[in-house]
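A structural walkthrough
Single-letter residue listing:
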Amino acid sequence: MTAMLMAIFKRDLALAIRQRAELLQPMMFFVLVISLFPLGVGPGPETLQKIGPGVIWVAAILSSLLGMERLFRDDFQDGTLEQLMLSGAPMPLVCVVKVLVHWLVSIFPLILLSPLLGVFLNLNLAMYWALLATLLVGTPLLSLVGAVAVGLTVGLQKGGVLLALLLLPVFVPLLIFATAAVDAASLQLPYTAHLGLIGAMLLLAFALAPVAIAYALKVSQS
Amino acid sequence: MALLSGQNLACVKQDRILFENINFSIDSSELLYVRGQNGAGKTSLLRILVGLADPAEGTIEYKQQNIQQANELYCQDLVYFGHKLGLSLNLNAIENLRFWCQLNQVTTSESELYELLANLGLVGLEDVMVSQLSAGQQRRVALARLWLKASAKLWILDEPFTALDVQGIALLRNKMIQHLSEGGAIIITSHQTLDVDYPTSELVLEYRI
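It should be emphasised that the depicted structure is a prediction, and the values quoted were computed from it without experimental measurement. (Residues numbered from 1 in each chain as written. Chains lettered and ligands numbered in written order. Predicted model: local features only at pLDDT ≥ 70, side-chain atom pairs only at ≥ 80, totals over all residues. Heavy atoms only, no water.)

**A look at the UniProt feature "transmembrane region" (unreviewed entry) in chain A**
Residue and element names in this part refer to chain A. Look at the UniProt record and you will see "transmembrane region" (unreviewed entry) annotated at residues 21-42, 93-121, 127-154, 161-182 and 194-217. For residues 127-154, the end-to-end C-alpha separation is 38 Å, with 96% helix and 0% strand making up the annotated structure. Summarising residues 161-182: 100% helix, 0% strand, and an end-to-end C-alpha distance of 30 Å. (UniProt positions renumbered as here; feature names shortened; annotations may be inferred. Helix = DSSP H or I, 4+ residues; strand = E, 2+ residues; numbered from the N terminus.)

**A few points about the environment of Ala142(B)**
All names here are of chain B. Tracing the backbone shows Ala142 in helix α5 (residues 135-148). For Ala142, a relative accessible area of 1% gives the class buried. Separated by 118 residues in the primary sequence, Ala142 and Phe24 place their C-alpha atoms 28 Å from one another. Not counting residues up to four positions away in its chain, the partners in contact with Ala142 are Phe81, Leu85 and Leu87. (Buried < 20%, exposed > 50% of the residue type's maximum accessible area, 1.4 Å probe, protein only. Contact = heavy atoms within 4.5 Å.)

**Structural notes on the packing of helix α7 (residues 125-153) of chain A against helix α8 (residues 160-186) of chain A**
Residue and element names in this part refer to chain A. Viewed as axis vectors pointing N to C, α7 and α8 meet at an angle of 165°, and their least axial separation amounts to 10 Å. Classified by the angle between their axes, α7 and α8 sit roughly antiparallel to one another. Judged by the twist between their axes, the crossing of α7 over α8 is right-handed. Among the residues making up the contact of α7 with α8, the classes are represented as 20 nonpolar, five polar and no charged. (Axes fitted to C-alpha atoms, helices over the stretch in contact; angles between N-to-C directions. Parallel < 35°, antiparallel > 145°, perpendicular 65-115°, else oblique. Left-handed = near helix turned anticlockwise from the far one by under 90°. Nonpolar A, V, L, I, M, F, W, Y, C, P; charged D, E, K, R; others polar.)

**Some details on the sheet that holds strand β3 (residues 31-36) of chain B**
Strand pairs in the sheet, formed through backbone hydrogen bonds, run parallel or antiparallel to each other. Residue and element names in this part refer to chain B. If you trace the five strands from one edge of the open sheet to the other, you get β6-β7-β8-β3-β9, paired in parallel fashion. Two strands in the sheet have a free side with no partner beyond their single neighbour: β6 (78-81) and β9 (200-205). Strand-to-strand twist in this sheet, taken as the mean axis angle between neighbours without regard to direction, amounts to 15°. The pairing of β3 with β9 spans six bridges and is classified as parallel. The partner of Arg35 across the bridge, within β9, is Val204. Of the strands in this sheet, β3, β7 (154-158) and β8 (185-189) are in contact with helix α6 (residues 166-181), which crosses β8 at around 145°. (Pairing = 2+ DSSP bridges.)

This is the structure in structure tokens:
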């Protein structure tokens, strides 16, 4: 079974590398949105520092939504998903592997870019570490919860907007806790409580989402 | 003792009853030919049989066990060939087949894959992206699964002859007869006449309004 999951991991990675152009789009969007803010609101260091964490998080959520559809779309359309389901592989685990690859190729690069964007928005070091911690704990949650909605909408022709409408309200708590953590860090206050709450949400999603994704995909088949 | 049997199957799509009260059973070495007009529900029936969709009514049993309960065993013994080929367009033929083999725990070597593709008339196309192949060639790659999974006891084939040329059809017919004579069972739909030199039982689906 491990061999099976490894095979899926390698295949998804190989496919992602061949579709580089598609992967770059959300990343470009992320960088562009954030670099437009200093131009739009003016280069006042205090203003930028104040809105910085929120801007980065909103941009991260929106750009992850842009790339989210890729997760199951091609596999659904070409029938790979059918063959996966009929291979006897445990679908929840298969979904975890697919979400992991998706996170690695389309969201992890955003985290790597975040130091640069922190400089754009005049974040200090304490704020940057807090931002990095919230991104590392929070973005897997985005992927896991997002995958459930992708699974549900994969059979629809124009699922893109519906996906955003379904997901944005769900991501509100994450956004609040994440930006609150960075705000706390800017005031030199501890932010472990916020981080703990996001971590708790992540663990809950990790326990429930794989089963939900597998079920959503099954529903989309019929 | 039947290999696969369905009792009282019904399928409803968009408030329209596609079929109801379908009963059938198929044993090893048997060929079941599902016939019907466009829209009669052949594909829907096959998707229900493999477990991709749930029937509105009725049960399907594999070796006297419900296919949901015996899912692992059923998946091991089954090859399903549907309308969607299950090939990634951005991978080449070898990569696609290798992935499918790993998924289905079929052990095979690289040279066996090359040899098989050569037998299927795809010499020199092993490293070409599937998206660059013609429709018939793509189907040949997908059909290679029938050769790869020798342990499969039941094939469920949805329009396997579509887009194949004369040689391709002959190749597939011979493979089907070989599978049947080795004790395998086949459920097939086709708009072409089946023309297989083998006793065939038929299941006819009427188009209902």
